[in-house]
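Read off the chains here:
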2 protein chains.
Amino acid sequence: MLEAVSQLNTYISVDCVVFGYDAEKLNVLLVERTLSDDEPMPDFQPDWTLTGNHVYEGETIKEAATRVVFNLTGISDLYLEQFKTFADPGRLLKPKDQKWLRSIGKNPEERVVSIGYFALLATQDVSLKWMGRRVKWTPVKKVGQLGFDHNEILEQAMDALRNKMKHEPIGFGLLPEKFTLTQLQTVYEQIFDTRFDKRNFRKKVNRMKYVIPLNEKQKGVPHKPAQLYMFSREVFEKTKKELFDFVI
Amino acid sequence: MLEAVSQLNTYISVDCVVFGYDAEKLNVLLVERTLSDDEPMPDFQPDWTLTGNHVYEGETIKEAATRVVFNLTGISDLYLEQFKTFADPGRLLKPKDQKWLRSIGKNPEERVVSIGYFALLATQDVSLKWMGRRVKWTPVKKVGQLGFDHNEILEQAMDALRNKMKHEPIGFGLLPEKFTLTQLQTVYEQIFDTRFDKRNFRKKVNRMKYVIPLNEKQKGVPHKPAQLYMFSREVFEKTKKELFDFVI
DNA sequence: TTTACTTATTGTATTATATACACTAAGTAG
DNA sequence: CTACTTAGTGTATATAATACAATAAGTAAA
C-alpha cells in the first residue's frame, strides 16, 4: 500500500466505519483512544473511536480511507463507500475530545472535516493488525459511547448501509466468498432486524441469476450440509433490470 | 436567513447543484465566474460554475448550502441533500482555476474540501436574484465546460438524483405544488431519458395513496384540462411498505 | 443399528403487480 | 360544427409476493 512521504493535512480526515459480519451479527471495528505514555493526564480514561486518520497531502480521500482500512486489516480489496461528510462546528468540542486534541499537539479550535466511509467484510477473513493501539470488533448493537462524534457517524453509516442494501447486492460483502443461503438470509435478517420466510426468500434468490450454486457443500457441520453459493458481480451487471422498479 | 458575522472558512466550501424543472426539461443553476473589475487580466474569459460558497465559522455545512440557495432563489423550503464530498488534491489545479483563485487573494495551493448538495425546485416558483454576478438556468443536457471540477460534481449529482428518485418520492420537488399526472410522468421520462406507457404509469400512481387528486382542474389550456394532484409526505410516511421490496 | 436431533430443502394456492396494447372524452380555436 | 389537442381509461397475460408445513440428509448418542 502507498506509503506517502508527504505530510498529513491537519483539517481533512476520513473516518471509516468498518463493518464485519461473523455469521451471527454485525460488528464494527473500533480502536482505543489513549494518550501517549509521556502525557501526564491521569484523568483521561481510554475510550473507543471509529478508525480514521487525516489524509496526506497528495493523497485522494478514497486512498486515505483504503489506507486506514488496510493498515488495520491487511485487506484492500473490499467494498468501501463514501457515505457522508461531517464538518459542523462543535463536532469536536466535548471536553474529552478537546483534551485529546491538545495532547497530540493539535489546535483544538481548528475546524476538521471528516469524510465518512463504510466498509464491508467477513470477520473470518481478517486478522486484526496491531498498530500501536488496541483494536477490536464490537457488535453494533452493543457499542457504547464513542469518542468525538463517532456515535453519530456510526448511526449514519448504519442508515447508509441499510439503504444501500435495499437496492444493491452488497450484502455479499459481509460473507465469505462461498456462503449458504441460510447465511445470506441471516445477514439480511440481522441488519434489518426482521425475519423472512425461508421458502419465499429462496424463491427470491433463485430469480437472481448472479447468486450461483457451486459444486460444493458445507463441511464439518453436525447436520445436513448446505449447498454453497457465490456471488458474481459480472452476471449481476449483465442481468439487472432497468427501471420501472422505482417508486414515484 | 442567517447573516453570519463570523469569517468565512477558507478550506471548507459547499457546492450546490440546484436542479430546476420547467415543465419540459431539467435545468441547473449556474453563476458566471468573472474577475473583479479592477483585476487587470484581459485573458480571463468569464465562464460558468455551479453555485457555491465557503462556510462561515460557526455555520453548519447544511446551513451554508441553504444560504447559498436562498441567496440566489429566495427559497429556503426545498429538497436539499448532501450527496458527495470532493477533496482530492488536484481538483483546483487547472490553470484557469489557479488564476481565478489568485485573483481573489486565495492561496491556490491550499486544499479545499467541497461538500456537494443537490436541491430540487420548479423553476416557475423562482425568480433568480442578482447577487453581483450573472445567474442563469441551463438545461442539464446542454451544460458546457464549467469552472473548477464542477462538471464532475454535476455528473455525480445527476447520478445521486437518479438513484434517489428510483427509491424515494422526491420527483415532486421538481413540480409546482399542484401538478398533472402528465407532468409527473414527464419529469421521470426526462430524468431517466426514457418513455413510459401512460396507462401503466397511471395505474402505478393510482396505488400510491400519497398522490392525491384535488377538486381542481388545469386552467387556460387549449384542450381538455387535466385533473390536478398534490403530494402528501405525511400520507407517504404512513402508508409506505417496509422491506421485501429489496434486492439481494 | 436405531433413534433423536438439527438444519436443508422444497411446492401450492392466492393475491398483487408488471407489461403490452388503442380507443373515447373534453376541452379550445377557427 | 369541424379540426385539433391532450386527458383519461380497460383487459389479458406473465411475473412476483405472500402465507403456509412436510420431507430429506446429515451427525451424535443410545
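Higher on the page you've got the structure.
This write-up is about the structure you can find in this document. Each chain has its residues counted from 1, running along the sequence as written. Think of it this way: whatever chain is written first is A, whatever ligand is written first is 1, and the rest follow in order. Since the coordinates come from a predicted model, pLDDT governs what is reported: local features require at least 70, and pairs of side-chain atoms require 80 or more to be given and counted, while whole-chain, interface and lining totals use all residues. Hydrogens and water molecules were not included; the side-chain quantities draw on all heavy atoms of the structure.

## Side note on the interface of chain B and chain A
Contact definition: two residues touch when any of their heavy atoms are within 4.5 Å. Chain B puts 44 residues into the contact, and the matching count from chain A is 44 residues. Buried area counts how much accessible surface, traced with a 1.4 Å probe, disappears from two parts once they are put together, with both parts' losses summed. In total, about 3,800 Å² of surface goes out of reach between chain B and chain A, with carbon and sulfur atoms giving 66% of it. Salt bridge, as applied in this entry: a Lys or Arg side-chain nitrogen positioned within 4 Å of an Asp or Glu carboxyl oxygen. In this structure, the connection of chain B to chain A is made through 0 salt bridges. In protein, a polar contact requires one atom able to donate a hydrogen and another able to accept it; more generally it is a pair of N or O atoms within 3.5 Å, and residues adjacent in sequence count only if both atoms are side-chain atoms. Joining chain B to chain A, the criterion identifies 10 residue pairs in polar contact (both at pLDDT 80 or more). Mapped onto the side of chain B that touches chain A, the elements with two or more residues apiece are strand S1 (8-21), strand S4 (51-56), strand S5 (79-86), strand S6 (113-122), helix H3 (150-167), helix H4 (181-192) and helix H5 (198-207) of chain B. When the residues that make up the side of chain B that touches chain A are grouped by side-chain class, the tally is 26 nonpolar, 7 polar and 11 charged. Helix and strand assignments come from DSSP, with helices taken as H or I runs of at least 4 residues and strands as E runs of at least 2, each series counted from the N terminus. Polar here means any residue outside two lists: the nonpolar Ala, Val, Leu, Ile, Met, Phe, Trp, Tyr, Cys and Pro, and the charged Asp, Glu, Lys and Arg; Gly therefore counts as polar.

## Notes on the protein's contact with DNA strand C
Consider each residue's heavy atoms; a residue with any of them within 4 Å of a molecule or strand counts as near. In the vicinity of DNA strand C there are 21 residues, among which Lys198(A), Lys203(A), Gln227(A), Lys203(B) and Arg207(B) approach most closely. Each atom of DNA strand C within 4 Å of the protein belongs either to a base or to sugar and phosphate, the latter forming 48%. In the environment of DNA strand C, a base nitrogen lies 3.0 Å from a nitrogen or oxygen atom belonging to the side chain of Asn200(B). Counting only elements with at least two residues in the surface near DNA strand C, the list comes to helix H5 (198-207) of chain A together with H5 of chain B. If one sorts the elements of the surface near DNA strand C by residue count, H5(B) sits on top with 5 residues.

## A word on the relation of the copies chain B and chain A
Between the two copies of this chain, the relationship is a rotation about some axis together with a displacement along it. Only residues with pLDDT of at least 70 in both copies count here: their C-alpha atoms drive the least-squares fit that superposes the copies. When chain B is fitted to chain A, the residual RMSD is 0.1 Å, and the transformation amounts to a turn of 180° plus an axial shift of 0.0 Å. On the angle and the small slide along the axis, the relation comes out as a two-fold axis. The residues that chain B uses at the interface reappear at the interface of chain A in 98% of cases, marking a shared surface.

## Notes on the pattern of salt bridges
One pass over the structure, following the stated rule, counts 36 salt bridges over all chains. Close ionic contact of Asp22(B) with Lys25(B) constitutes a salt bridge, the shortest N to O distance being 2.7 Å. Close ionic contact of Lys106(B) with Glu110(B) constitutes a salt bridge, the shortest N to O distance being 3.9 Å. Throughout this description, buried means an accessible area under 20% of the type-specific maximum (1.4 Å probe, protein chains only), exposed means over 50%, and partly exposed covers the range between. Overall, Glu110(B) belongs to the partly exposed group, its relative accessible area being 23%. Sharing partners across several salt bridges, the network here consists of Arg33(A), Asp47(A), Lys96(A) and Asp97(A).

## A few points about the packing of aromatic side chains
By convention, a stacked pair of Phe, Tyr or Trp rings (six-membered ring in the case of Trp) has centres within 6.5 Å and planes under 30 degrees apart, an edge-to-face pair has planes over 60 apart, and any other such pair is tilted. A complete count under the given rule lists 23 aromatic pairs over all chains for this structure. Seen from their ring centres, Tyr79(B) and Phe118(B) are 6.0 Å apart, and the 40° between their planes marks the pair as tilted. Within this pair, whereas Tyr79(B) is found in strand S5, its partner Phe118(B) is found in strand S6, the two being separated by 39 residues in sequence. Looking at Tyr79(B), the relative accessible area reads 22%, which means it is partly exposed. Residue class for Phe118(B) comes out buried when judged on its relative accessible area of 0%. Summarising the aromatic geometry, the rings of Phe83(B) and Phe86(B) are spaced 6.2 Å apart at their centres and angled 65° between planes, so their arrangement reads as edge-to-face. Classification of Phe83(B) as buried rests on a relative accessible area of 15%. Each residue in the set Phe19(A), Tyr79(A), Phe83(A), Phe86(A) and Phe118(A) is aromatic and connected to the rest through ring pairs, giving one cluster. Lys96(A) extends its terminal NZ or CZ atom over the ring of Phe44(A), reaching a point 5.1 Å from the ring centre. Throughout this description, the term charge over a ring refers to an Arg CZ or Lys NZ atom that lies within 6 Å of the ring centre and within 35 degrees of the ring normal.

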